[in-house]
Amino acid sequence: LSAPVTLARRGKADVVIRKTTGQVLVGRGTYGRQSWNGQTATVFGCTGFLGRYIVARLAREGTKVIVPYRGLEEYARHLRPTGDLGMVIPMEFDLRNSKQIEECVRYSDVVINLIGRNYETKNFSFDQVHIEGAQRIADVSREAGVSRLIHMSSINAKSNAHSQALVSKAFGEQRVREHFPGANIVRSATMYGYEDELLNNIGKFKHFYMTVNHAQQKLRPVCVSDVAHAIGIIRDNEDTVGQTFELYNPKEYSRKDVVELVQFLLHEKIWQVNVPPKLLRLAAQVANALPFHYTSHHEVDLMSIDDVPSKDPSIQTFADLGIQPHTLELAALQYIRHYRPPQHEEDPMEPKGYKAFRKPPVPVSNRDIV
């Protein structure tokens, strides 16, 4: 798969033809936020970590975005300003209700399913979310004539994984493939960003940060904006229909490496406490019984599982999409700077004498000027 060429479109009659259904989509107005490019996308799981970045990217390009939400409408209201007036449309739905799902995808040519959890609740089990819910969305989308379905999973989703969450995601992938043959499966490694649970947790709990196995877990941390960018390209490129993508950092880190990086950037010692996995798992089971979610034993299990990319040559990566992922050392500080002690709050982004934070000069060519 060759890297797609991105062109700046300014015409009033841009045409997109969907490969799977032959659907012709004609844009209206100039390309961008204050126009409609003829495409409508439904983003399930839009209120999560990755969802807001995908909705913002779609809306910025002039795509009409349906944002299904569960619970109160306030949970999705922060997404509405990401697009022009009337271009981001919240709709209440229940994952167990096929009719409501059909209402959410009825006018969409693209459906993106980001729904997933690392812990179970009294209302939803892993199987209900990752398997039955994914299958239901795939079934309804196919019957509604949706052209593209992009299903979000995990790079560690395997049927023999030591985590019930990852096992159910692996079976969910199989169900999606069976019920929507042209679906794209996107498997992401651990993501970081402004609302992440990697860098922010280290900064938040810097005085008592608990780890297991002496923080030797192997990670391939990837920036959430890179994942959103990749999904945007997958949606636009019809040559990617039916393919599987694994999105991960080319460089491998241990959790201890990440802790030491955060410690260096914050100018403050991270008090790391190693806890035996069985003890922490027992404590998490007790905490999981409380009315509000703090942690669960399923999340403790995930702390011991390495990010391991597949060796299958047919699986695509960032390189096949023409994306150069962010470097963790260069990007991390902007997400955790507010955890610095007051005396270091105004320190520069690049610590004195540390050359690794300097970005290489970006060559400018006539092609880059629009």
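Look up a bit, the structure's there.
All values derive from a computational prediction rather than experimental measurement.

**Brief notes about the packing of helix α1 (residues 51-60) against helix α6 (residues 224-236)**
No. 1: Look at α1 against α6: their axes get within 9 Å of each other, and the N-to-C directions meet at 50°. Relative to α6, the element α1 lies oblique. The crossing of α1 and α6 is right-handed. Residues Tyr53, Ile54, Arg57 and Leu58 of α1 form the contact with α6, whose participating residues are Val224, Ser225, Ala228, His229, Ile231 and Arg235.
No. 2: Here the residues of the contact of α1 with α6 sort into six nonpolar, two polar and two charged.

**Re α6**
No. 1: Taking 1.5 Å of rise per residue, 13 residues should cover 18 Å, and α6 covers 19 Å from first to last C-alpha, within 8% of that figure.
No. 2: Residues Val224, Asp226, Val227, Ala228, Ala230, Ile231, Gly232, Ile233, Ile234 and Arg235 constitute the buried set of α6.

**Comments concerning empty space enclosed by the protein**
No. 1: Per the stated rule, a full pass over the model turns up one cavity of 30 Å³ or more.
No. 2: Its boundaries defined by the atoms lining it, the largest cavity holds a volume of some 50 Å³.
No. 3: Taken together, Ile115, Val129, His130, Ala134, His151, Met152, Ser153 and Lys169 make up the lining of the largest cavity.
No. 4: Of all the secondary-structure elements, those providing two or more residues to the lining of the largest cavity are α3 (126-143) and β7 (148-154).
No. 5: A per-class count over the lining of the largest cavity returns four nonpolar, three polar and one charged.

**Focus on the packing of helix α2 (residues 98-105) against α3**
No. 1: Relative to each other, α2 and α3 sit at 55°, their axes nearing to 9 Å. When the interaxial angle is binned, α2 and α3 end up oblique. With respect to the hand of their crossing, α2 and α3 are arranged in right-handed fashion. Note on element contacts: α3 touches α2 through Arg136, Ile137, Val140 and Ser141, opposite Ser98, Ile101, Glu102 and Val105.

The rules we used
- Residues numbered from 1 in each chain as written.
- Predicted model: local features only at pLDDT ≥ 70, side-chain atom pairs only at ≥ 80, totals over all residues.
- Heavy atoms only, no water.
- Axes fitted to C-alpha atoms, helices over the stretch in contact; angles between N-to-C directions.
- Helix = DSSP H or I, 4+ residues; strand = E, 2+ residues; numbered from the N terminus.
- Parallel < 35°, antiparallel > 145°, perpendicular 65-115°, else oblique.
- Left-handed = near helix turned anticlockwise from the far one by under 90°.
- Contact = heavy atoms within 4.5 Å.
- Nonpolar A, V, L, I, M, F, W, Y, C, P; charged D, E, K, R; others polar.
- Expected span 1.5 Å × (residues − 1).
- Buried < 20%, exposed > 50% of the residue type's maximum accessible area, 1.4 Å probe, protein only.
- 1 Å grid on protein atoms, 1.4 Å probe; cavity = no way out; pocket = protein on both sides within 12 Å on 5 of 7 lines; lining within 4 Å.
- Points joined across faces, edges and corners; volume = space filled by probe spheres on them.

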